[in-house]
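# Chains, contacts and geometry: an overview
Residues per chain, in single letters:
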Amino acid sequence: MGSMEVCLKLATVEMPLRKRAIDFILGLPILVILSVLAVYLSQLSFSKTWGLEFVLWAVLLGLIVRNTIGVPERLRRAFKAELYIKIGLVLLGAKILFGDLLVFGVKGMVQALAVVLTVFMVAYYISKKLGLDKKFSHVLAAGVSICGVSAAIAAAGAVKGDKKELTYVISMVVALAVPMLILMPIIGKLISLPPTVAGAWIGGTIDTTPAVVASGALYGQDALKVASVVKMSQNVLIGVAAFLLAVYYALKVEKKSEERPSPLEIWYRFPKFVLGFLIVSLLASLALFTKSQLSIMSTVQSWFFTFAFVCIGLGTSFGEFKKLGGKPFAAFILAQTFNLIFTFILAWLLFSVIP
Amino acid sequence: MVYLRRSLRLKISEDWLSVAIGFIIIALIVIGAITWVPWRFV
């Protein structure tokens, strides 16, 4: 979700449902046409020779359209990467056995806890050292360590952060998602990382959920599953982190003990689609679906993922890169580099060394 | 703060919407209303 989309979403609230639905329906054909084109191009012989999969084509076509002819703002209401990826993830539950999910989930949660705690503190330290103020440093640290856009919004809410600073962090998260989603699988393949380790590394490092799924899909189906589970483990922590940050600010920084945040914050910010994913995985593990039903679900899920990948491209404006720079960007890059190395070591230990 | 509260409200509704759409699709597949989807992804 880009900063533009955030503004668009907020404008959306005030708009009548009928108008929003019309905009959505008008924008949908663009998405469908680009998705079909991406899948068609990926099946041509030269794409197969060069390994240009539908994921890459989808992101690339979206990028080309957004940065050349552009799309009218109201039609962008159909470009909901987060929504499509969440629907796809609920359906992906049917492909992952509940037992595997528990193993990946527990390891993913251990990794997520270690990554969030360590990277948050390091990112905060770097930001402070580079001269950013306390609130900005907290929002930036949450964006790098937890889950990009959602975490940055949650942290900004908890510390009552500045809207401009939040928008800037969101711009950095969105702008860096595309290069990372393409480069990480290339690096992983160059050093022959096992798919589970690559998935855990991708899931723990890339900030936005759609980009994690795209990058995992580029590495392969096993990496995609692990990356998705690890990312969802991290998403679950957003509420906890937002609650702890809010408590810290209310009690320590602003010293207003009467404004104690409610633990219900954890539930409010809990990613509800994870519940859908878990239920579908459980139903599939109880063998309630036939082979042909699972095959249809898998195809529908791939289409929703393709829609989301096209939306990643459509949501990335090269103009956003021009805005980046200065101390916040340096802090973000340094913290993200630390995140890449630290998560790599953890992913290797948890998903390769420990059985 | 209104800005942040609205983003949170939108995020929550989008989360539940994704679960609802996912379950409706699965229900349609299980009852046999969807029996074919174009293109097989490899």
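Residues numbered from 1 in each chain as written. Chains lettered and ligands numbered in written order. Predicted model: local features only at pLDDT ≥ 70, side-chain atom pairs only at ≥ 80, totals over all residues.

The next thing to look at is the overall build of chain B. Helices and strands together make up the secondary structure of chain B, namely one helix and zero strands. Evaluated residue by residue, chain B yields a buried proportion of 21% over its 42 residues. (Helix = DSSP H or I, 4+ residues; strand = E, 2+ residues; numbered from the N terminus. Buried ≥ 20, exposed ≤ 12 C-beta atoms within 10 Å, placed from the backbone.)

Let us now look at the overall build of chain A. When you go through chain A residue by residue, the secondary structure sums to 16 helices and zero strands. Against the compact-globule benchmark of 20 Å for 355 residues, chain A has a radius of gyration of 20 Å, which places it among compact chains. Within chain A, residue pairs in contact and separated by at least 24 positions form 79% of the contacts whose partners lie at least 6 positions apart. (Rg over C-alpha atoms; globule rule 2.2 N^0.38 Å. Contact = placed C-beta atoms within 7 Å.)

Residues and elements named next belong to chain A. In contact at an axis separation of 8 Å, helix 2 (residues 17–42) and helix 4 (residues 54–67) are set at 135 degrees when each is read in the N-to-C sense. It follows that helix 2 is oblique to helix 4 by the angle criterion. With respect to the hand of their crossing, helix 2 and helix 4 are arranged in right-handed fashion. Contact residues: L34, S35, L37, A38, V39, L41 and S42 in helix 2; F54, W57, A58, L61, G62 and V65 in helix 4. For the contact of helix 2 with helix 4, a count of residues per class yields 10 nonpolar, three polar and no charged. (Axes fitted to C-alpha atoms, helices over the stretch in contact; angles between N-to-C directions. Parallel < 35°, antiparallel > 145°, perpendicular 65-115°, else oblique. Left-handed = near helix turned anticlockwise from the far one by under 90°. Nonpolar A, V, L, I, M, F, W, Y, C, P; charged D, E, K, R; others polar.)

A few words now on helix 4 of chain A. Residue and element names in this part refer to chain A. Here helix 4 contains 14 residues, and its C-alpha end-to-end distance of 20 Å stays within 8% of the 20 Å for a straight helix at 1.5 Å per residue. Within helix 4 the residues assigned to the buried category are F54, V55, L56, W57, A58, V59, L61, G62 and R66. At its buried positions, helix 4 is contacted by helix 2, helix 8 (163–190), helix 10 (209–219) and helix 14 (291–314). (Expected span 1.5 Å × (residues − 1).)

Mean pLDDT over chain B: 78, with 64% of residues reaching 70 or higher. Across the predicted assembly, pTM comes out at 0.82 and ipTM at 0.82. (pLDDT = per-residue confidence, 0-100.)

This paragraph deals with unusual backbone geometry. For S192 of chain A, which is not a glycine, the phi torsion comes out positive at approximately 50 degrees. Using a count of 7 C-beta atoms within 10 Å as the deciding quantity, one classes S192 of chain A as exposed.

Next up on the list: the nonpolar core. Most often, soluble globular proteins keep nonpolar side chains buried together rather than apart. Ranked by size, the top nonpolar core spans 122 residues in total, and within it A152 and A155 of chain A carry the most contacts. Among the elements that make up this core, the one with the highest residue count is helix 7 (residues 134–159) of chain A (16 residues). (Core = buried A, V, L, I, M, F, W, Y, C linked by C-beta atoms within 7 Å.)

This part is about the packing of helix 6 (residues 98–129) of chain A against helix 16 (residues 326–353) of chain A. Residues and elements named next belong to chain A. For the pair helix 6 and helix 16, the least separation of the axes is 9 Å and the interaxial angle reads 155 degrees. Classified by the interaxial angle, the pair formed by helix 6 and helix 16 is roughly antiparallel. Seen from above, helix 6 lies across helix 16 with right-handed handedness. Side by side, helix 6 and helix 16 meet where K107, V110, Q111, A114, V115, T118, V119, V122, A123, I126 and S127 of the first sit next to A331, L334, A335, F338, N339, F342, T343, L346, A347, L350 and F351 of the second. Per-class residue counts for the contact of helix 6 with helix 16 are 16 nonpolar, five polar and one charged.

Given a rise of 1.5 Å per residue, 32 residues ought to cover 46 Å, and the 44 Å separating the end C-alpha atoms of helix 6 of chain A matches this to within 8%. Looking one or two residues beyond helix 6 of chain A, the residue adopting positive phi is G131 of chain A, at roughly 95 degrees.

Let us look at the environment of I186 of chain A. By secondary structure assignment, the location of I186 of chain A is in helix 8. For the pair formed by I186 of chain A and V139 of chain A, sequence separation is 47 residues and the distance between their alpha carbons is 30 Å.

Here we take up the confidence of the model for chain A. The pLDDT averaged across chain A works out to 85; a share of 92% of its residues lies at or above 70. Averaged pLDDT values over the elements of chain A bottom out at 49 in helix 1 (residues 3–13) of chain A and peak at 94 in helix 9 (residues 195–205) of chain A.

Here we take up the environment of S35 of chain A. Residues and elements named next belong to chain A. With respect to the helices, strands and loops of the structure, S35 is situated in helix 2. Accessibility expressed as a C-beta count within 10 Å gives 27 for S35, which makes it buried. Separated by 24 residues in sequence, S35 and V59 have C-alpha atoms that sit 9.5 Å apart. Residues within four places of S35 in sequence aside, it is in contact with A58, W303, T306, F307 and V310.

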